[in-house]
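Chain by chain, the residues:
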Amino acid sequence: MIYKILPRQEGEPQTFARIDDDGLCRLTCTEDYPEFQKWIEAGNEPLPPDEVSGE
Amino acid sequence: MPRSRELAELATSYDSGGSLGFRNRIINGDCRIDQRNNGASVTPTVSTAYTLDRWGYAFTQTSKASIQQNAGSVTPPAGFTNYYGFTSLSAYSVLSSDIFSIAQFIEGLNVADLGWGTANAQTVTLSFWVRSSLTGTFGGAIQNSAVNRSYPFTYTVSVANTWEQKSVTIAGDTSGTWLTTNGVGMRVWLGVGMGSTYSGTSGAWAGSDFRSATGATSVVGTNGATFYITGVQLEAGSVATPFERRDYGRELMMAQRYYFKLTPKNTGYFSSGYNNSTTVYRGIVNFPVSMRTEPTALEQTGTAADYGVQHGGSTVTNLSAVPSSFVASLTSSRISVSVASGLTQGQGSMIIANNDSAYLAWSAEL
């Protein structure tokens, strides 16, 4: 399980996607989510957001 | 038990500080509510994992247990229809630093009247039905939020695979800090395998992080061992009164303060809102009860095609990514979802479920 930074929507807080071992995202959270905080405290870093290609 | 005896017990409890209504500080003590899994078995992967509503499972090693409402399909005690079923998946030798425990953390607002941490601390009684494939001395503990005040206790399971009712009376703690806010007011632990670091002397308050009693039986130590509980009640006073019956709607609402799962079924609606652009929908979901705190996570199935935006009348366009963007308050959540194309900016629309499995859920657990 890892977390990934999601592209930030205008007017909304930064959110993170939890990517489960099967590759699916079943949960997104803010930086205040306790399990995310535990994961960060364990020395992990979220993956950067996917790059969005320009038109 | 004769009803006259129940009345007498209520009177005795009332005399010792108990109340006659809303006595039970445990939510979902009869294990009727299982929003997350709807009776399905789970093997938790995230510690402290919530399974049946309000019931957490804290563990330091994964894959040692499965949890299921009514696991094993045994007949519950008379007057109950559901129970919390814990099954060991291996014969694991608990290390000194290991924790395996069923837990319910009670919000401080719901135990503030007990006066713990003051000279007026009230006595409480914890009672519950237990059935295990193992016999012997089992352990648990009551603990504060900061995990530096603990009261380990023991109880005995005398006969294997037989429901037995247990009660433990605990003198209120006059020391330490016990939160009376929307934080953790009290931790109730029922150990199923506790390392020596977290095990203490039964029947006494300690200024340590103890979550069970020394020498307690380890359920995770026996492959296939079972440990079932129901009718869990924590109340003021020195007497275990009959389990307090609350109507299902009330109990569900009490649980939804901590976790709310919206399951509208196929073609049902999650929310109504508007098209913010040709690819983005925004809408509001109102919570049925004020949450304990602003939810910090949004859960969904993990499959974008489980969800669609209904727009322009009856046109349904599947999402291009799972619902992920949200801003939540105590009473509602705004959500934004995306489709590849086709929305008309400014028009009203709705998020719908494309099957019976689709859900959105918000957590404000302790």
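Right above here is the structure, for reference.
In this text, all values refer to a predicted model and were calculated from it rather than measured experimentally. (Residues numbered from 1 in each chain as written. Chains lettered and ligands numbered in written order. Predicted model: local features only at pLDDT ≥ 70, side-chain atom pairs only at ≥ 80, totals over all residues. Heavy atoms only, no water.)

Peer 1: Help me understand the nonpolar core in this model?
Peer 2: Inside soluble globular proteins, nonpolar side chains tend to come together where they are buried. All names here are of chain B. Counting residues in each nonpolar core, the largest one holds 45 residues, and the members touching the most others are Tyr84, Phe86 and Phe227. For this core, the element with the most residues is strand 13 (residues 226-236), which contributes 5 residues. If you look at the next biggest cluster of nonpolar residues, it comprises 29 residues, including Phe287, Tyr307, Leu343 and Ala358. (Core = buried A, V, L, I, M, F, W, Y, C linked by side-chain atoms within 4.5 Å. Buried < 20%, exposed > 50% of the residue type's maximum accessible area, 1.4 Å probe, protein only. Helix = DSSP H or I, 4+ residues; strand = E, 2+ residues; numbered from the N terminus.)

Peer 1: Sorry if this is basic, but what is going on with the sheet that holds strand 22 (residues 348-353) of chain B here?
Peer 2: Remark on secondary structure: sheet strands pair via backbone hydrogen bonds, oriented parallel or antiparallel. Residue and element names in this part refer to chain B. On the basis of which strands lie adjacent, the open sheet formed by 7 strands has the order 19-18-22-15-16-21-20 and antiparallel pairing. Each of the sheet's edge strands pairs with one partner strand only, and the pair in question is strand 19 (315-318) and strand 20 (325-328). Here the strands of the sheet are splayed against their neighbours by 30 degrees on average, with no regard to which way each runs. As paired elements, strand 15 (residues 269-275) and strand 22 share 5 bridges and run antiparallel to each other. Residue pairing for strand 22: Ser271 is matched across the bridge by Ile351. (Pairing = 2+ DSSP bridges. Axes fitted to C-alpha atoms, helices over the stretch in contact; angles between N-to-C directions.)

Peer 1: Would you mind going over the pairing of strand 13 of chain B with me for this structure?
Peer 2: For a regular strand, side-chain orientation follows a simple rule: the groups alternate between the two sheet faces. All names here are of chain B. Across the 11 residues of strand 13, 11 count as buried, placing the element largely inside the fold. Pairing analysis gives 4 bridges linking strand 4 (residues 84-88) to strand 13, with the strands arranged antiparallel. In the sheet register, Thr87 faces strand 13, and the bridge partner there is Thr226. As paired elements, strand 6 (residues 124-132) and strand 13 share 8 bridges and run antiparallel to each other. When the sheet's bridge partners are listed, Leu126 is paired in strand 13 with Leu234.

Peer 1: I would appreciate a short explanation of the sheet that holds strand 23 (residues 360-363) of chain B in the present structure.
Peer 2: Taken in spatial order, the 6 strands of this open sheet run 1(A)-2(A)-3(A)-17(B)-23(B)-14(B), and their pairing is antiparallel. Only two strands of the sheet have a single partner each, and these edge strands are strand 1 (2-5) of chain A together with strand 14 (259-262) of chain B. Ignoring strand direction, the axes of neighbouring strands in this sheet form an average angle of 25 degrees. Here strand 14 of chain B runs beside strand 23 of chain B; their pairing, made up of 4 bridges, is antiparallel. Bridge assignment links Tyr259(B) to a residue of strand 23 of chain B, and that residue is Ser363(B). Each of strand 1, strand 2 (16-19) and strand 3 (25-29) of chain A is contacted by helix 1 (residues 34-41) of chain A, which is oriented at about 100 degrees to strand 1 of chain A, the strand it contacts most. (Contact = heavy atoms within 4.5 Å.)

Peer 1: Can you walk me through the layout of surface pockets in this structure?
Peer 2: A probe matching the size of a water molecule, rolled over the atoms, marks out where space remains unfilled. Reported here for the largest pocket is a volume of approximately 1,600 Å³. Listed by contribution, the elements that provide at least two residues to the lining of the largest pocket are strand 3 and helix 1 of chain A together with strand 1 (49-50), helix 2 (248-256) and strand 14 of chain B. With 4 residues, the single largest contributor to the lining of the largest pocket is helix 1 of chain A. Of the residues assigned to the lining of the largest pocket, the class counts are 18 nonpolar, 15 polar and 16 charged. Taken domain by domain, the lining of the largest pocket gets at least three of its residues from each of domain 1 (3-255) and domain 2 (259-363) of chain B. (1 Å grid on protein atoms, 1.4 Å probe; cavity = no way out; pocket = protein on both sides within 12 Å on 5 of 7 lines; lining within 4 Å. Points joined across faces, edges and corners; volume = space filled by probe spheres on them. Nonpolar A, V, L, I, M, F, W, Y, C, P; charged D, E, K, R; others polar. Domains from an automatic or database assignment.)

Peer 1: Sorry, what's going on with the pattern of salt bridges here?
Peer 2: Pairing between side chains becomes possible if they bear opposite charge and their charged atoms approach one another. In total, this model carries 15 salt bridges over all chains according to the counting rule given. Residue Arg18(A) pairs with Asp20(A) through a salt bridge whose shortest N-O separation is 2.9 Å. Accessibility classification places Arg18(A) together with Asp20(A) in one group, the buried group. Two residues, Arg36(B) and Glu365(B), come together in a salt bridge whose shortest N-O distance is 2.9 Å. (Salt bridge = Lys/Arg side-chain N within 4 Å of Asp/Glu carboxyl O.)

Peer 1: How should helix 2 of chain B be read in this particular structure?
Peer 2: Helical geometry: 3.6 residues make up each α-helical turn, so side chains three or four residues apart lie on a common side. Residue and element names in this part refer to chain B. All of the buried residues along helix 2 are Glu251, Met254, Ala255 and Gln256. Of the surrounding secondary structure, the elements contacted by the buried residues of helix 2 are strand 14. Where helix 2 begins, the capping side chain belongs to Asp247, and its oxygen is found 3.2 Å from the backbone nitrogen of Gly249. (Polar contact = N/O pair within 3.5 Å; in protein donor to acceptor, adjacent residues only side chain to side chain.)

Peer 1: It is not clear to me how the interface of chain A and chain B should be interpreted in this structure. Could you clarify?
Peer 2: How big an interface is tends to be stated in terms of the accessible area lost upon association of its parts. Residue-level contacts link 20 residues of chain A with 19 residues of chain B. A combined buried area of about 1,500 Å² lies between chain A and chain B, and 47% of that area is made up of carbon and sulfur atoms. Broken down residue by residue, the surface that chain A buries against chain B is led by Glu12(A), Arg26(A) and Thr28(A), which jointly contribute 33%. The interface formed by chain A and chain B holds 0 salt bridges in total. For the pair chain A and chain B, the interface holds 5 residue pairs in polar contact (both at pLDDT 80 or more). When residues of the side of chain A that touches chain B are traced back to their parent elements, those giving at least two are strand 3 and helix 1 of chain A. With 5 residues, strand 3 of chain A is the largest single contributor of residues to the side of chain A that touches chain B. The residue makeup of the side of chain A that touches chain B, split by class, is 8 nonpolar, 5 polar and 7 charged. Pairing of strand 3 of chain A with strand 17 (residues 297-299) of chain B involves 3 bridges; the strand directions are antiparallel. Looking at the pairing, Thr28(A) lines up with Leu298(B) of strand 17 of chain B. (Buried area = accessible area lost by both parts, 1.4 Å probe.)

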